[in-house]
Structures are given as C-alpha cells and as structure tokens.
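Next come the chains, spelled out residue by residue.
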Amino acid sequence: MLEAIEGSAAVARAVALCRPQVIAAYPITPQTHIVENLARFIADGALRCELVSVESEFSAASVVLGAAASGSRAYTASSAQGILLMTEVLYNIAGLRIPLVLTCANRAVGAPVSAWNDQQDSMAMRDAGWIQLYCADNQEAIDTTIQAYRIAERTELPVMVCMDGFTLTHTLEPLEIPAQEQVDAFLPPYRFERALDPMHPRSIGTVVPPEYYTEARYAHHRALLRAQDEIVAADADFEAAFGRRCGGLVSVDGPSDARIAILSIGSVIGTLLDARDEYPELGPVKLIKLRSMRPFPADALQKACAGLSDLIVLERALSPGGIGIVSAEVRAALSEMQSPPRVHGFAAGLGGRDMPLELYPHLIAAAKARPPVRFSIVDVDPSKVAEEDR
Amino acid sequence: MTEIRIDGRGGQGNVVAAYMLARAAFEAGRFAQAFPTFGPERRGAPVASFVRISDRPVRRRCLVREPHYVIVQDRGLLHDGGALQGLRPGAGVLVNSPRTPGELGLSAPEVNIATIPASAMAAEILGEPIPNTALLAALLTLTELLPLDALEAVIVRRFAGEEQRRNVALMRAAALRVIAGAWKERGDA
C-alpha cells in the first residue's frame, strides 16, 4: 500500500516484513530511527522478535553473528563510527559465511566529526567480504532490504544495504509498503544448514594455518563473484512478484546513442536524472547506477559502458592519497575493453555538502579535460583551504 | 513543483511541520518529499526543513535553494535576515507573529509577507503554544496549494479525541485569519 512515510520508518517496516528473529543494535545518527521503529513494533507485539540491547556496535554485531550462526534470521544497523567499531566482527561474519542483513545509514567518518551523509563508512568496509548494495531512493531501500535476506540466505553471505543518511533515512515521501503475504511468498522460512546445534557440538572460527587459509579466502572470493547471479535473480524475481526492480548489479538510463555517461552510486542518481532534464542543451547523457559495489560487476559494467567515449564517475567517499575508490575500480574493469571510454574521476558531496542540479553541467564540462581528470573533489572551495593544501 | 522552506528552532516541531505538509499533499493525491537539514542537534538552534510538492514523483535530493514559500515558526529568526533571502520573485513568507509585517519592519522587493499569531492562537485553542497547525492552515489558505481538507485528514490521523478536535478548530480559525488565494499557487505543480 502507498503511504507517505519517512525512509527509516519504511525500512523498519520492510525489516519487520522479513520476520527477523533477533535484532541487536546500538543507536547512532542517522541510523537511530530504523531501530527505534523496530523496537516499538516488538514492544507493541506487532513483531515477534528478540531485541537485544547492547552497550556498543561491537556487541551488536557479535550478537547478530551468534544469532545467525545458530540459525536465526537476524538484523542490525549502524552508521559511521558505529560501522567502524563493528569492523572486526564484520570481517568475522563474512569469513564465517553467515547470512545476515545490516543496514548502513551512510554517514561521513570523523575526524572532523560530521553527522552528515557521505559513503565513507560503508566504503571503509568494502574489503570485509560482505555483499554491498547501494540504494538510489527509499523505495529501493525497502525493496533491497527484502531482496537482501533472500540473497544472504541463498549465498550464505552477509549483505550490507547502504542507504544515504538523512537524504534517504530522514526523508518522508510516498512509498509502497509490500503486503506481508507477498513478502512471505518471496522469502520463505529459512533453515541454515550449518546452524550451531548444542546436540551436535562443533567449533567455528578456529585458527586456520597457512595450509588452508588461502583456500578459505579463495572460496570466499569465488562465493562473492558467484553472488552476482543471485543479486540479479533476486531483483528479477522481485519484479515478477512486486512489479518493481532496483536495477540488478548496474543499470543504465538514457538514450542508447549517448557517448557520455555519468556513473554514480546512491541517492544522487535522482538529482542527476532531474538535472539531465534541466540541461537538455548538454546533449544525450546516460546515467549509470552502480548498485552492487561488492561483488564488483566488472562484466556488467563493461556492457553498460560499450560505445561510450567518456565516463564520468561521481563517488561519495575519499581514499586520501589515492585515485578514487569507485573510479579506480571502474577504470581497471574497463581497461579490458577493446576501446574503453576515458574515465574521469570525481568525488562530491562529502560530509553532507549539498549536490545541487548545477553539479551536472560542471561534471559534463569537466569531462572535456584532456588528459581526463584522474581524480578530483569537484565541489571543493579552494578559498577555504590553506595555501599549501590547495 | 512547488518548494517550501520552514524555518524554526530545534524543539519547535520543525520537522513535524514539514512532514505534516507533505502528508497533506499525499492526502490530496499529489507527490511530495519532506526532509530536514540537520545542524547542531540541540533545542533552540536555528533549523530548517524543506517540502516539495509536485504532480510527478520527486526525484531530486538536493536542498531547496529558492523556495516559493517560507514559513517562519519563530520571528526571532528574522533578526538573522536569512528568512527573506534567496527567495524567488513573487515568493511568499508567512511569519508566526502577532504583529503586522509593517510593525515588524519586514519588506522585500517582489516578496509577499503575511503574519499570523499562530503561537498565541495555539495557546488559546490547544492550551499549548505549538504553532504548526495554524501556520500550515494559513499557508494552504493563502496559496490554495492544497485543499484544507487534506490538512484536516492529516490532523485526524495524527491526533485523537480532544486533541484532534482542538487542532481542527485551530486549523479553521487560522484559515479565517488570512486572505484565501492571496498567494495563489506558483510553480509548475
């Protein structure tokens, strides 16, 4: 049913529709409303679920690790420093190949402290071994949450659903909340084959010597790569059941003859769609939405970029001293093409800086640079920077 | 699309007002988006929320730079001068104040300014000086952006019993304090 509802409240509804059995979380802005809503559902008796109050994000992640390892459908959510405090456990969850869903309400990471949105927190977890799906809008946040459980349970890999803090979490808009029967049909009760069972004691997370460590890591890597098929299938089956899709691994919008494209990730896509309509004189431009950062869909991306002369990558996090987190990977993936597009790497919107429609003509103009821009922060104001850092 | 900014102070229900307006648009069959800006998270600090109302789904996620209408929940914010800046020609600014725009010394070229004693009316009718219902009713009446019924539907969903009755009464009283259609809807919504 269509409702005017805040993004966080909608995601909490989506989580509840997936019938989680254990939730543990620690409050941090901008994630808080999601878990507050879930706690209320449980207190009101609307959701039968164990809510474990913990003293830190490290414990929250540890509780859901244990719960999911014992066969429960489990959920947690966090942001920024909270995600970083989970780091060790997130690596363990992934390495133990435990199916779990976590919402990252994306927020900048200090210092300097910022409550506002960028994607530094989830990008810092890029190599933790989780599937990472980024949401372009709140409908995708609802739909991806439901898909995430199916993907996690079929791949036995944890899924991080990344939604921009405030921009999505605190925005109220009309959203379609699926019916319980529909979600139940899409997401049947789950049985974890490797669930811990006191009647048949086993150890997990033991030390692995050099004789097997490489193979365990290789298997994990292969599982992530294989998960691409499940991500695509979950989205296709979701569309068949609910009439909406989120764009699989990577999706393209725009005229097929466009030679220029902007690739981005997360909720800035909507602003770029409007901006393209606002500036038709800038010519045909494709907009490429990268939904899956892990696994990184190199093959799908090559297809999406066929025929392009220039690809502008707009990312929302920074690897200081590096050459772009997303753009470096995109450039590497496209280098295998017969005639790859020039890749121009930009970051913008760090720590909540507004990304207005005027960003679009700026990006299109910047793509005229020869040689292409390796990497720059496109919306920096040099007048606010000390002379030696300009 | 019509864009609205609501200026207020932390603790005044600034976000609630934006959400109520977007919900009213939804009740009226329109598309809408409402979101806060978060500054210092403390009571009394200046805060702003934004609402977009459109006949099509709202896709952009940037801040509202040039609102068609501004609601000022706390007239003390006018001392900053920001409330009257960055407005489109023909914009409307509704200020929560018992004084007239002239008495407040408010004027700006090509900007319509109106005042309504929303806090005082709320104190009398609700028993608490919560200005949102009165301000939203006055804005919708001035602009005819949405029918007042849509706001009433939101109030009926949000409040129950005596609280609901008093909010509906406040809504009606506020609507009578301004000139209907004086700021007839602008934008391409």
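Refer to the structure printed above.
Residues numbered from 1 in each chain as written. Chains lettered and ligands numbered in written order. Predicted model: local features only at pLDDT ≥ 70, side-chain atom pairs only at ≥ 80, totals over all residues. Heavy atoms only, no water.

A.B. asks: Mind laying out the overall build of chain A, listing which residues take part and the relevant values?
C.D. replies: Scanning chain A for helices and strands turns up 13 helices and 15 strands. Relative to its length of 390 residues, chain A is compact, with a C-alpha radius of gyration of 21 Å against a globular reference of 21 Å. Within chain A, residue pairs in contact and separated by at least 24 positions form 81% of the contacts whose partners lie at least 6 positions apart. Roughly 16,100 Å² of accessible area belongs to chain A as shown, and the carbon and sulfur atoms make up 54% of that amount. In chain A, 34 positive and 48 negative side-chain charges are present, and the distance between their average locations comes to 5 Å. (Helix = DSSP H or I, 4+ residues; strand = E, 2+ residues; numbered from the N terminus. Rg over C-alpha atoms; globule rule 2.2 N^0.38 Å. Contact = heavy atoms within 4.5 Å. Areas by Shrake-Rupley, 256 points an atom, 1.4 Å probe, with all protein chains shown as cover. Lys, Arg positive; Asp, Glu negative; His and termini not counted. Charge placed at Lys NZ, Arg CZ, Asp CG, Glu CD.)

A.B. asks: Which residues make up the interface of chain B and chain A, and what values go with them?
C.D. replies: Of the residues lining the interface, 20 residues belong to chain B; the matching set on chain A comes to 29 residues. Buried area between chain B and chain A, summed over both chains or domains, comes out near 2,000 Å², and the portion from carbon and sulfur atoms is 54%. Contact with chain A buries area across many residues of chain B, yet Phe26, Arg59 and Arg61 of chain B alone supply 36% of it, more than any other trio. The interface formed by chain B and chain A includes six salt bridges. A salt bridge links Arg60 of chain B to Glu278 of chain A; its shortest N-O distance comes to 3.8 Å. Put simply, chain B and chain A have eleven residue pairs in polar contact (both at pLDDT 80 or more) between them. Counting only elements with at least two residues in the side of chain B that touches chain A, the list comes to helix H1 (14-27) and strand E2 (31-37) of chain B. For the side of chain B that touches chain A, the class distribution of residues is twelve nonpolar, two polar and six charged. (Buried area = accessible area lost by both parts, 1.4 Å probe. Salt bridge = Lys/Arg side-chain N within 4 Å of Asp/Glu carboxyl O. Polar contact = N/O pair within 3.5 Å; in protein donor to acceptor, adjacent residues only side chain to side chain. Nonpolar A, V, L, I, M, F, W, Y, C, P; charged D, E, K, R; others polar.)

A.B. asks: Mind laying out the environment of Ile323 of chain A, listing which residues take part and the relevant values?
C.D. replies: Residues and elements named next belong to chain A. The residue Ile323 is located in the loop between strand E13 (310-315) and helix H12 (325-334) in this model. In this structure Ile323 comes out as partly exposed when scored by relative accessible area, which is 41%. In this structure the C-alpha to C-alpha distance between Ile323 and Asn117, which are 206 residues apart in sequence, comes to 21 Å. Apart from the residues lying within four places of it in its own chain, the contact partners of Ile323 are Ala328, Arg331, Arg374 and Phe375. (Buried < 20%, exposed > 50% of the residue type's maximum accessible area, 1.4 Å probe, protein only.)

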